[in-house]
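# Breakdown of the fold
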Amino acid sequence: MTEFTIRTSNRNEFIDITSQVRSVVQQSDVDEGICTVFCPHTTAAITINENADPDVTADIQMKLNKMIPLHENYRHMEGNSDAHIKSSLVGNSVQIIVSGGQLKLGTWQGIFFCEFDGPRARHVWVSIK
Ligand code: ZN
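Now for a look at the structure at hand. (Residues numbered from 1 in each chain as written. Predicted model: local features only at pLDDT ≥ 70, side-chain atom pairs only at ≥ 80, totals over all residues. Heavy atoms only, no water.)

### Focus on unusual backbone geometry
- Omega for the peptide link from Gly118 to Pro119 comes to -5 degrees, which places this bond in the cis form.
- In this fold, Pro119 is placed in the loop between strand 7 (109-115) and strand 8 (121-128). (Helix = DSSP H or I, 4+ residues; strand = E, 2+ residues; numbered from the N terminus.)

Okay, here's the thing in structure tokens:
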């Protein structure tokens, strides 16, 4: 397992981590397998979506913010229930096929770390089998 750290700079932010994950794959000796990218946090997530047009992830964040407002009649006293809900909806891991020693992503796909309660230092765990 490989861990890398990222520093987020906004409360809500999608960070393209494709190049970091690619370098973990290239440094492994796995030619054919599965790469798991895991977010070990309860107020952040991992997803795959378009990384060519930044408006795509901006629209995802806009819609999540509308569906899951910061202030509601939440019970959790920490004041970040919106971030916990977004984390569960988006999910905390993705799996990508590794073939020929390369990540098999579609042409327009990138891997994103989704921050919902930043700014913070965050960890990403990558396992390749
Ligand atoms: Zn909390």
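That was the structure; now back to the text.
### What to know about the pattern of salt bridges
- Tallying each qualifying case throughout the model produces four salt bridges.
- The partner of Arg11 in a salt bridge is Asp82, and the shortest N-O contact between them spans 2.8 Å. One end of the pair, Arg11, is in the loop between strand 1 (2-7) and strand 2 (13-16); the other, Asp82, is in helix 3 (residues 81-90), with 71 residues separating them in the sequence.
- For Arg11, a relative accessible area of 25% corresponds to the partly exposed category.
- Across the pair Arg11 and Asp117 runs a salt bridge, and its minimum N-O distance is 3.4 Å. On the criterion of sequence distance, the pair formed by Arg11 in the loop between strand 1 and strand 2 and Asp117 in the loop between strand 7 and strand 8 is long-range, its members being 106 residues apart.
- Through salt bridges with shared partners, one network takes in Arg11, Asp82, Asp117 and Arg120. (Salt bridge = Lys/Arg side-chain N within 4 Å of Asp/Glu carboxyl O. Buried < 20%, exposed > 50% of the residue type's maximum accessible area, 1.4 Å probe, protein only.)

### Focus on the sheet that holds strand 2
- Taking strand neighbours across the sheet as the criterion, the three strands line up as 2-7-4 in an open arrangement whose pairing is antiparallel. Because the sheet does not close on itself, it has two edges, and the strands there are strand 2 and strand 4 (44-50). Strand-to-strand, the axes of this sheet are offset by a mean angle of 35 degrees, without reference to chain direction.
- The pairing of strand 4 with strand 7 spans seven bridges and is classified as antiparallel. Bridged to Thr47 within strand 7 is Phe112.
- Of the strands in this sheet, strand 4 and strand 7 are in contact with helix 3, which crosses strand 4 at around 50 degrees. (Pairing = 2+ DSSP bridges. Axes fitted to C-alpha atoms, helices over the stretch in contact; angles between N-to-C directions. Contact = heavy atoms within 4.5 Å.)

### Some words on the pairing of strand 3 (residues 33-38)
- The pairing of strand 3 with strand 5 (residues 93-99) spans six bridges and is classified as antiparallel. Pairing of Ile34 across the sheet is with Ile97, part of strand 5.
- Of the strand pairs in this sheet, strand 3 and strand 8 are connected by four bridges, and their pairing is antiparallel. The residue bridging Phe38 from the neighbouring strand is Trp125, located in strand 8.

All we've got here are geometric facts, nothing functional implied.
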